[in-house]
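The chain contents come next:
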Amino acid sequence: MPRTGIDTIVVGAGAAGLAAARALSDAGRRVEVLEARPRIGGRILTVHDPEWPLPIELGPEFLHGEAKATRDVARAAGLAVVELPDEHVWAEGGRLRPMGEVWMRFARLMERIPSKGPDISFDRFLARRRVPAPTREMACLFVEGYFAAHPDRVSAQSVASSRGEDDEAQRQYRLADGYFRIVEWLRAGLSPERCRVRLGAVVESVAWRRGQVEASYRSAAGTQTRLVRARTAVVTLPLGVLKAAPAEPGGVRFEPVPAVLRAAVEKLEVSHACKLALRFREAFWEEPGFFRRRVAPALGEPNRIDFLHDRKGDFPTWWTANPWRVPILTAWAGGPHADALSELGEAGLVDRALASLARALGLARSRLEDLLESWRAHDWRRDPCSRGAYSYVGVGGLPAQRALGRPCEGTLFFAGEATEPDEMGTVSGAIASGQRAARQILSWADRAHAGRLAPPRAVRADVPSPRGDRPGARRPPARRLRAPAPEPRARGPAPERRPGLPGLLLRRGHRGGAGAGGGPLPELRRAGRSYG
Ligand SMILES: Cc1cc2nc3c(=O)[nH]c(=O)nc-3n(C[C@H](O)[C@H](O)[C@H](O)COP(=O)(O)OP(=O)(O)OC[C@H]3O[C@@H](n4cnc5c(N)ncnc54)[C@H](O)[C@@H]3O)c2cc1C
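Since we're looking at a predicted model, the values are computed, not measured.

What follows covers the sheet that holds strand 8 (residues 95-98). Spatially, 8-7-17-18-19-16-20 is the arrangement adopted by the seven strands of the open sheet, whose pairing is mixed. The open sheet has two edge strands, strand 8 and strand 20 (372-377), and neither has a second partner. Pairs of neighbouring strands in the sheet enclose a mean axial angle of 25 degrees, with direction left out of account. For strand 7 (residues 88-92) and strand 8, the ladder comprises four bridges, and the chain directions are antiparallel. Within strand 8, the residue paired with Ala 91 across the bridge is Leu 96. Against the sheet, helix 12 (residues 346-361) engages strand 7, strand 16 (273-280), strand 17 (307-309), strand 18 (317-320), strand 19 (328-334) and strand 20, with an angle of about 75 degrees to strand 16.

With that settled, consider the packing of helix 2 (residues 68-77) against helix 8 (residues 180-188). At a minimum axis distance of 10 Å, the contact between helix 2 and helix 8 shows a crossing angle of 70 degrees. Overall, the two elements helix 2 and helix 8 adopt an arrangement that is roughly perpendicular. Contact residues: helix 2 offers Thr 70, Val 73, Ala 74 and Ala 77, while helix 8 offers Arg 181, Ile 182, Trp 185 and Leu 186. Of the residues in the contact of helix 2 with helix 8, the class split is six nonpolar, one polar and one charged.

Next up on the list: unusual backbone geometry. Note the cis peptide between Glu 255 and Pro 256, where omega equals -10 degrees. Looking at the secondary structure, you find Pro 256 in the loop between strand 14 (253-255) and helix 10 (259-267). The peptide bond linking Asn 322 to Pro 323 adopts the cis configuration, its omega dihedral lying at 15 degrees. Although it is not a glycine, Arg 130 adopts a positive phi angle of roughly 45 degrees.

Parameters and conventions
Residues numbered from 1 in each chain as written. Predicted model: local features only at pLDDT ≥ 70, side-chain atom pairs only at ≥ 80, totals over all residues. Pairing = 2+ DSSP bridges. Helix = DSSP H or I, 4+ residues; strand = E, 2+ residues; numbered from the N terminus. Axes fitted to C-alpha atoms, helices over the stretch in contact; angles between N-to-C directions. Contact = placed C-beta atoms within 7 Å. Parallel < 35°, antiparallel > 145°, perpendicular 65-115°, else oblique. Nonpolar A, V, L, I, M, F, W, Y, C, P; charged D, E, K, R; others polar.

This is the structure:
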């Protein structure tokens, strides 16, 4: 028997799902949130390890520009937001130089992308404009880092539309207490009488017709399938999950497949990113003379590294935890660079990262191995609950993205970072999308009460997905890089101890991919999936 008496089912307890649930709960609605993982937060994954001086952000770390929706929550929750110092440095075989001029060239290039007319890939745009090789290389690094995108797939118009208009858009911030506090606050405000968050509930299908949705889910701890029924549903599944066929790990069946979903699945792309946090015994980059030995005097001396860019490295982008002076460096690779690293386990990643860093800074690798104490990463690509890092717009995909945010028959509402044109791929976009979906539901209900809607009718027949079955289907380079800060130990996912990592361990095959937030559950491990 399906459970009833619920106004809205929310699929997913990430930022978007919890924001939607919170807004609906505040408006007096009865809400059931179904979340596959044994934790809330989705791609927000703040890990607390007593051996690290700061919480480790394995997912999002930065607020890019205004990030209004995140800031509003931070303000309401009384969370401190700190601005990042923003010294970007190019590394070239052990030499460093400031990046100021590079930014200017990139900004000018963006202005040349036509916002109207047929869309083309960013790669084609560069080829047509005969952009000089160094600028082209830098622009590709930006798109691969910031959007974690493939330059030959990403829509040039979407890249142009993401450029900020003012100084604020260029600034970046961190939450001093870690990103997890944001979702924690959203959840804490749900009415206990009206709203329930069911963890470990793996949704397998969403069947719907106007005015009714039935979600079937399997408990992550068992094989029994349960049904829950409501008038409306907010679906916040990541794009990677929406693109998966139902038989694939993480895939969800829609009956019928909404046309907007089919278009989105075709035109939006899932980005892949590889993020690795490394903890050293000391912050060697702060040693006196470190810069003097590496910077040509005529170029002006950066005296600090906030972000380091190395176009030849396996990890083209690095950042420190500044303004906190702690011995942590984060390595980032997006798009094709992330693809190239995708088959390596964690030990392989660490190995490549050290080689990359040693070359970029002109340091002996053995010294880095000696200084390295520990590392953390999460494999978002193989995680069945995300199947990728975040999304970007493929060529000609802007209309499909806008359409995905529109209600389907006043019954099914898609939310999540992929549905938010202005802030795609960000936490702020995810929160805004959940709030938007809640507003849509409430205004739809108001109109229904006022008798201004057509009576219920059957939903248009199923639309086959591009693959013949059901659809089951941020970003850093440069400025939009995505790290940590202290948080009470009791909060967020439980700490997972990682062995201190002496260089030798690197060559001994380290357990890959686990990240944090609860290990795989036994029955899912059997099925080749892990919901962590
Ligand atoms: C490595 C990395 C770095 C990033 N850096 C930044 C950054 O610096 N700044 C920034 O703003 N953004 C960043 N992002 C992007 C940001 O994390 C996302 O945009 C945002 O968290 C997405 O929230 P969401 O609610 O849309 O999706 P999610 O957080 O993915 O929520 C979807 C939920 O659905 C659940 N789910 C999946 N399948 C099922 C199922 N079958 N049944 C039930 N539940 C299911 C998932 O477990 C998840 O909890 C980064 C992302 C990654 C991966």
